[in-house]
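Secondary and tertiary structure notes
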Amino acid sequence: FLIFNFPSAVQSAENTISVSPQLVQLDLATDKSEAEYYYTNSTSQTIELTLTMNDVKELEDRGVPGLISPQESKNYKYGLSSWAKFSNNSIVIAPNETKKVIVFIDAQRLSIGGHYASVLAEVKQIDKKGPVKLRAILSSLLFVRQGNGSETEEAKVTDLKSEGSFLEFPYSFTFRLNNTGNVDLTPHGRLSIKDSFGREVAFGIVNEDSLIALPESIRKYTTKVKNKQSFIMPGLYTTTLTVKYGKKKLGTSLTTTFISTGSVPRPLFAIGIIVIVLLVAGLDRKS
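A quick note: this is a predicted structure, and the numbers were derived from the prediction, not measured.

1. Points about the nonpolar core
Core analysis: the largest hydrophobic core is formed by 32 residues, its most contacted members being Phe169, Phe175, Ile193 and Leu241. Going through the elements one at a time, β12 (134-146), β13 (155-163), β14 (172-179), β15 (188-194), β16 (200-206) and β19 (235-245) are the ones with two or more residues in this core. Sorting elements by how many residues they give to this core places β19 first, with four residues. Residues contacting Phe169, with those up to four places away along its chain left out, are Ile193, Val201, Ala202, Val225, Asn227, Ile232, Tyr237, Phe258, Ser260 and Gly262. Counting 30 residues, the second largest nonpolar core, distinct from the first, contains Met53, Ala84, Ile91 and Val123.

2. Describing unusual backbone geometry
The omega torsion of the bond from Ser20 to Pro21 falls at -5°, within 30 degrees of zero and hence cis. Mapped onto the elements of the fold, Pro21 is located in the loop between β3 (16-20) and β4 (23-27). Phi at Asp159 takes a positive value of approximately 55°, unusual for a residue other than glycine. Mapped onto the elements, Asp159 comes out in strand β13. Classification of Asp159 as partly exposed rests on a relative accessible area of 41%. Of note in the backbone geometry, Ser210 takes a positive phi value of approximately 55° without being a glycine. As for its placement among the helices and strands, Ser210 is situated in the loop between β16 and β17 (217-224).

3. Examining the sheet that holds β13
On the basis of which strands lie adjacent, the open sheet formed by three strands has the order β13-β14-β17 and antiparallel pairing. Where the open sheet ends on each side, the last strands, each with one partner, are β13 and β17. For this sheet, the mean inter-axis angle between neighbouring strands, taken without regard to orientation, is 20°. As paired strands, β14 and β17 are joined by eight bridges and run antiparallel to one another. Looking across to β17, one finds that Phe175 is bridged to Tyr221.

4. Some remarks on the pattern of salt bridges
Working definition: two side chains of opposite charge can pair if their charged atoms are close together. Within this structure, the stated rule accounts for 13 salt bridges. Put simply, Glu151 and Arg145 hold a salt bridge, and the shortest N to O gap is 3.2 Å. Taken as a pair, Glu151 and Arg145 share a single burial class, namely buried. In this structure, Glu151 engages Lys247 in a salt bridge whose closest nitrogen and oxygen atoms are separated by 4.0 Å.

5. Quick notes on the packing of aromatic side chains
Centre distance and the angle of the planes are the two values used to describe a pair of aromatic rings. If you walk through the whole model with that rule in mind, you get seven aromatic pairs. Ring geometry for Phe169 against Tyr237: centres 5.4 Å apart, planes inclined by 85°, an arrangement best described as edge-to-face. Here Tyr237 lies in strand β19 and Phe169 lies in the loop between β13 and β14, a separation of 68 residues in the sequence. We note that Phe169, like Tyr237, is buried. Seen in terms of ring centroids, Tyr237 and Phe258 are 5.8 Å apart; in terms of plane orientation they differ by 20°. Their pairing is stacked. Highlighted residues: Tyr237 in strand β19 and Phe258 in strand β20 (residues 250-260), separated in sequence by 21 residues. As far as burial versus exposure is concerned, Tyr237 and Phe258 are alike and both buried. Site record: aromatic cluster; members linked through ring pairs are Phe169, Phe173, Tyr237 and Phe258.

6. Remarks on the sheet that holds β19
Pairing is antiparallel in the open sheet, where five strands are placed in the order β18-β16-β15-β19-β20. Because the sheet does not close on itself, it has two edges, and the strands there are β18 (226-227) and β20. Sheet analysis places β19 next to β20, joined by eleven bridges and oriented antiparallel. Its bridge partner being in β20, Val243 is matched across the sheet by Thr252.

7. Some points on the side chain of Asp195
Relative to the helices and strands, Asp195 is located in the loop between β15 and β16. There is a polar contact of 2.9 Å between the side chain of Asp195 and the backbone nitrogen of Arg199.

8. Quick look at the confidence of the model for the protein chain
Put simply, the protein chain has an average pLDDT of 86, and 81% of its residues get 70 or more. Considering only residues more than four positions removed or in separate chains, one finds that residues 1-7, a stretch of pLDDT under 50, has 16 contacts.

Quick notes on the rules
- Residues numbered from 1 in each chain as written.
- Predicted model: local features only at pLDDT ≥ 70, side-chain atom pairs only at ≥ 80, totals over all residues.
- Heavy atoms only, no water.
- Core = buried A, V, L, I, M, F, W, Y, C linked by side-chain atoms within 4.5 Å.
- Buried < 20%, exposed > 50% of the residue type's maximum accessible area, 1.4 Å probe, protein only.
- Helix = DSSP H or I, 4+ residues; strand = E, 2+ residues; numbered from the N terminus.
- Contact = heavy atoms within 4.5 Å.
- Pairing = 2+ DSSP bridges.
- Axes fitted to C-alpha atoms, helices over the stretch in contact; angles between N-to-C directions.
- Salt bridge = Lys/Arg side-chain N within 4 Å of Asp/Glu carboxyl O.
- Phe/Tyr/Trp six-rings, centres within 6.5 Å; stacked < 30°, edge-to-face > 60°.
- Polar contact = N/O pair within 3.5 Å; in protein donor to acceptor, adjacent residues only side chain to side chain.
- pLDDT = per-residue confidence, 0-100.

See the structure below:
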């Protein structure tokens, strides 16, 4: 048997076995307390899916969920697996067939805040004939918010840093969002770079991929810089990061300064430094 772990699809020798959607986000203040997942078998073999659920404690920078064991889940206040059940714990899917599975959530027993889990479907090949014997795991995410306005949305940004060498204007900035609330947050905002005269020379759009930070976790974000003019002078620059998050559109900001050679070509910059040094040396001799 070959064992794989894929977030959305398992590829066999012929086609794929897939799940959709990869992420379901429910706000129980407005949504029904159930989630629907669709599993499609595009292979030529009949397969069986066995469904389980694991709580998720954080998302890595590349979006991979950190699963926790059933033992750890007992003391994890953001867990979901104990308050959810499947319409079917296992299903059989024929070739080129799609089947639906519903996850029902016990909303009355769910505490205020966010609750997070990964829905896992273990794939087993029923047909013994065929070139591939499949045993794989499909994963999708289920995020649930409970509170009806009583949940806590709170965060701060730290570690605003430029990426690039001293001899070039920054091509991106990174920062970390510390989610100190009890629900997941998707930050959005703007990065503004101004020169010493207060003129904006470059900017960036924060979190264009809508990456999520889970509660009581810190996630790193990268914002690409877009220059507003083709030539940027050397000098002192100020970067201001403004971030908004949550249903209430709360805001936080951070400012830092940096010295840059601008967009002056490196050879030209090196020649300029040499000329300045020679001029200073010449003035010293004359004095």
